[in-house]
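# Tertiary structure, described
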Amino acid sequence: MPQSLKNFSKYQYLLGELSKKNIKLKYRRSYLGILWTLIEPLLTMIVLSIVFGQLLGRNGVDKAFVGVPFPIYVLTGRLLYSFFSTATSAAMRSIRSNASMIKKVYVPKYMYPVSGILSNFVIFLISLIVLVGVMAFFLITGQYKAPINGYMFLSLVPLVILLMLCLGIGMFLATLCVFFRDIEYLWKVMTMLIMYCSAIFYFASRLKGISRTIIELNPLYGIIHNFRRALFGQPFDMKLLCYTLIVSVVSLIVGFYAFYKKQDTFILNI
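Okay, so let's go over this structure. A quick note: this is a predicted structure, and the numbers were derived from the prediction, not measured.

Here is what the cut-offs are and how they apply
- Residues numbered from 1 in each chain as written.
- Predicted model: local features only at pLDDT ≥ 70, side-chain atom pairs only at ≥ 80, totals over all residues.
- Heavy atoms only, no water.
- Salt bridge = Lys/Arg side-chain N within 4 Å of Asp/Glu carboxyl O.
- Helix = DSSP H or I, 4+ residues; strand = E, 2+ residues; numbered from the N terminus.
- Buried < 20%, exposed > 50% of the residue type's maximum accessible area, 1.4 Å probe, protein only.
- Polar contact = N/O pair within 3.5 Å; in protein donor to acceptor, adjacent residues only side chain to side chain.
- Phe/Tyr/Trp six-rings, centres within 6.5 Å; stacked < 30°, edge-to-face > 60°.
- Lys NZ or Arg CZ within 6 Å of the ring centre and 35° of its normal.

### Side note on the pattern of salt bridges
Under the criterion given, the structure shown has 4 salt bridges. Here Glu184 makes a salt bridge to Arg96, at a shortest N to O gap of 3.3 Å. Residue Glu184 is found in helix α7 (residues 183-196), and its partner Arg96 is found in helix α3 (residues 70-97); the two are separated by 88 residues along the sequence. Residue Glu184 is classed as buried on the basis of its relative accessible area of 15%.

Written out as structure tokens, the structure is:
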């Protein structure tokens, strides 16, 4: 462990540079560039609000979020899910996409998936400007009365847990993808299933029995739910908070351990 920390300290500048490179490459040859970080979630929110707002109706608001406009409810879930999906996918492809660099220059291999996740985390933090703007719009127009209290500042806690979850799953996927290329296609299907099990555009309180249990077993749902509760001035669901924290820590340990054990054989399979 001391040697690993010393090694990380030595290459921390490179980690920052790799993260910057990933952000630049993502918006290369785009006229609007990083503005798409703000435009894309806003457009997605509008479409989902129109479609699912009409489908669910105005009486479908969860009791925990009474008075919260449906577009804000959708946007909070969409932003967190989008970060989870893009970050884990970027980490999964990171070793293969940097194969030429790995073969020529020594760099701690974990730098590639970690930088992919951190660059997407920076983009995610920038995209939160949209959430602030949308909430301000509904506040100014009188359609939403936000309870301003200490719970709102605790909304950072689910974001830290989400980052840990992405790091753990991302490192594990990066390891698997080197040996099993089909994992990339399987993960696309999995992320779609995770999206539908995260209560992004519907209300989990409407579900009962086994359906509700399946939703609550999804750690991303628990993270999104607690982020919403804190942001809207309510205390955490402590059961979901503990569950998501445990899952994230376990995934972090398993992901880094699997990566560490297999990284020396990457060069033979990329």
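### Looking at the environment of Thr141
Structurally, Thr141 is set in the loop between α5 (111-140) and α6 (156-179). A distance of 3.3 Å separates a polar atom in the side chain of Thr141 from the backbone oxygen of Phe138.

### Description of the packing of aromatic side chains
Tallying each qualifying case throughout the model produces 13 aromatic pairs. On the basis of an interplanar angle of 25° and a centroid distance of 5.2 Å, the ring pair of Phe83 and Phe124 is categorised as stacked. A residue pair is termed long-range when its members are at least 10 positions apart, and Phe83 in helix α3 and Phe124 in helix α5 qualify at 41 residues. We classify Phe124 as buried; its relative accessible area is 3%. With 6.0 Å between their ring centres and 70° between their planes, Phe201 and Tyr202 make a pair best called edge-to-face. As far as burial versus exposure is concerned, Phe201 and Tyr202 are alike and both buried. An aromatic cluster is defined as three or more aromatic residues linked by ring pairs; in this entry it consists of Phe70, Tyr73 and Phe203. One Lys or Arg, Arg228, reaches over the ring of Tyr73 and ends 3.7 Å from the middle of that ring.

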